[in-house]
Amino acid sequence: MVDLEKAPPARSPEGEPVPRADGEGCLVVAVRLPVRIVALVLVLPVRMAWDALVVAGRFLRDTVLRPVGRALAWLGRALFVWPLVGLWRYVVVPVAKGVGWLGKVLLVVPAVWVYRWVLTPVGRALAWCCAGVGAVLTALGRGLYAGLAWLARYLVVVPAGWLYAWVLTPIGHLLAWCGRGLARCGRGVLWCLGKVVTGIGAVLYWTLRILLVLPALAVWRWVLVPVGRALAVVGRELLDALGHAWRIAGHLSRAVGRALAALFRWTVAEPARWVYRSVLTPVGHAVRDTVLRPLAEAARAAGRAGRQALRSARLSVRQARADLRRTLFGEPERPPSVDRREPSGAKARTLGSSTTALTKD
């Protein structure tokens, strides 16, 4: 069982109590025991119902669901898996192999022959022709490129360099000098604007700090943090109480279950076992020895007599049918018996002479 009382506080070697590391007060220690008792009263029915459902679920799983699942699995294999496996093994695979062989014979082999003896020589001839044409076009391109490069150098590059050196460079220097002057004016204007903006930002900062940040910080530090710590302590105690109550309810539920099992065993199972062993078994043995075995012997004797009578009637009918056939059609001719174990030679000649004498007589 779980101890519901708090352990005594630890003391130093001098006899003074040592403060706890978690900082629990007397109010927490005083509230813990009633909270755990209430939690136990509330959790005990839930835990007993849960244990009963677990036992019922295990019984249902072992007696109903597992056999039904195995039967459904066997039925699924018999209805789906085995037919599909047989279809795949004895129909699809042979058909696929036959189709593959036909595709190889009808498509792959002719395609390889066409590629090797038709397309490859044609491609090599086309490659040789393209190489010659490419060489001619390369020579023409080099000459055209040299001519265009000379024209571009003396018609574009040289005039562009003169224009850059004697026209664009002086104009660029003039524009750069004007831009530096404008930049100095802009820096002065921006410095003035920065000072103004900095002052406005400082005023807004201190206004927001005094009106919003400091009150919010005070509310957080002196209201929300203590309330949060109190709620955390209460929540921790509630969780601990629920855990202890759940474990204690488990022990109680196990004890109740064992008591009910013992009561069922001693009120139902043991009397039923005693009745089966002491009453039903001797009665069953007596009924078997006095009634069932004589009945079985009589039934077996009657069966033997019936079979013997049927055998005699069958033999009588067969004999009467043979006599009727002999009377109507006479004695049937029987072929001469030949001893096949004697070798050819003198014994064979003796057998032939005796057969001839019998036929003459």
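Treat the numbers as computed from the prediction; the structure is a model and nothing was measured.

Student: Describe the layout of surface pockets, listing the residues and the values that go with them.
Tutor: Where empty space is left in the structure can be found by rolling a water-sized probe over the atoms. By volume, the largest pocket amounts to about 210 Å³. Taken together, Arg 47, Met 48, Asp 51, Ala 52, Val 55, Gly 250, Ser 253, Arg 254, Val 256, Gly 257 and Leu 260 make up the full set of residues lining the largest pocket. For the lining of the largest pocket, a count of residues per class yields 5 nonpolar, 3 polar and 3 charged.

Student: Account for the nonpolar core, naming residues and giving values.
Tutor: When a protein is soluble and globular, its nonpolar side chains tend to lie buried together. Listed in full, the 7 residues of the largest apolar core are Ala 39, Leu 40, Val 43, Ala 241, Ala 245, Ile 248 and Ala 249. Look past the residues within four positions of Val 43 in its chain and what remains in contact with it is Leu 242, Ala 245, Trp 246 and Ala 249.

Student: Would you mind going over the confidence of the model for the chain in detail, with residue names and values included?
Tutor: Averaged over all residues, the pLDDT of the chain equals 82, while 83% of them reach at least 70. Between residues 342-348, whose pLDDT stays under 50, and residues either more than four places distant or in other chains, the model counts 2 contacts.

Student: How would you explain the side chain of Arg 47 if you had to name every residue and give the values?
Tutor: Checked against the element boundaries, Arg 47 lands in helix α1 (residues 26-329). For Arg 47, a relative accessible area of 15% puts it in the buried group. When neighbours within four sequence positions are excluded, Arg 47 is seen to be in contact with Trp 246, Arg 247, Ala 249, Gly 250 and Ser 253.

About the criteria used
Residues numbered from 1 in each chain as written. Predicted model: local features only at pLDDT ≥ 70, side-chain atom pairs only at ≥ 80, totals over all residues. Heavy atoms only, no water. 1 Å grid on protein atoms, 1.4 Å probe; cavity = no way out; pocket = protein on both sides within 12 Å on 5 of 7 lines; lining within 4 Å. Points joined across faces, edges and corners; volume = space filled by probe spheres on them. Nonpolar A, V, L, I, M, F, W, Y, C, P; charged D, E, K, R; others polar. Core = buried A, V, L, I, M, F, W, Y, C linked by side-chain atoms within 4.5 Å. Buried < 20%, exposed > 50% of the residue type's maximum accessible area, 1.4 Å probe, protein only. Contact = heavy atoms within 4.5 Å. pLDDT = per-residue confidence, 0-100. Helix = DSSP H or I, 4+ residues; strand = E, 2+ residues; numbered from the N terminus.

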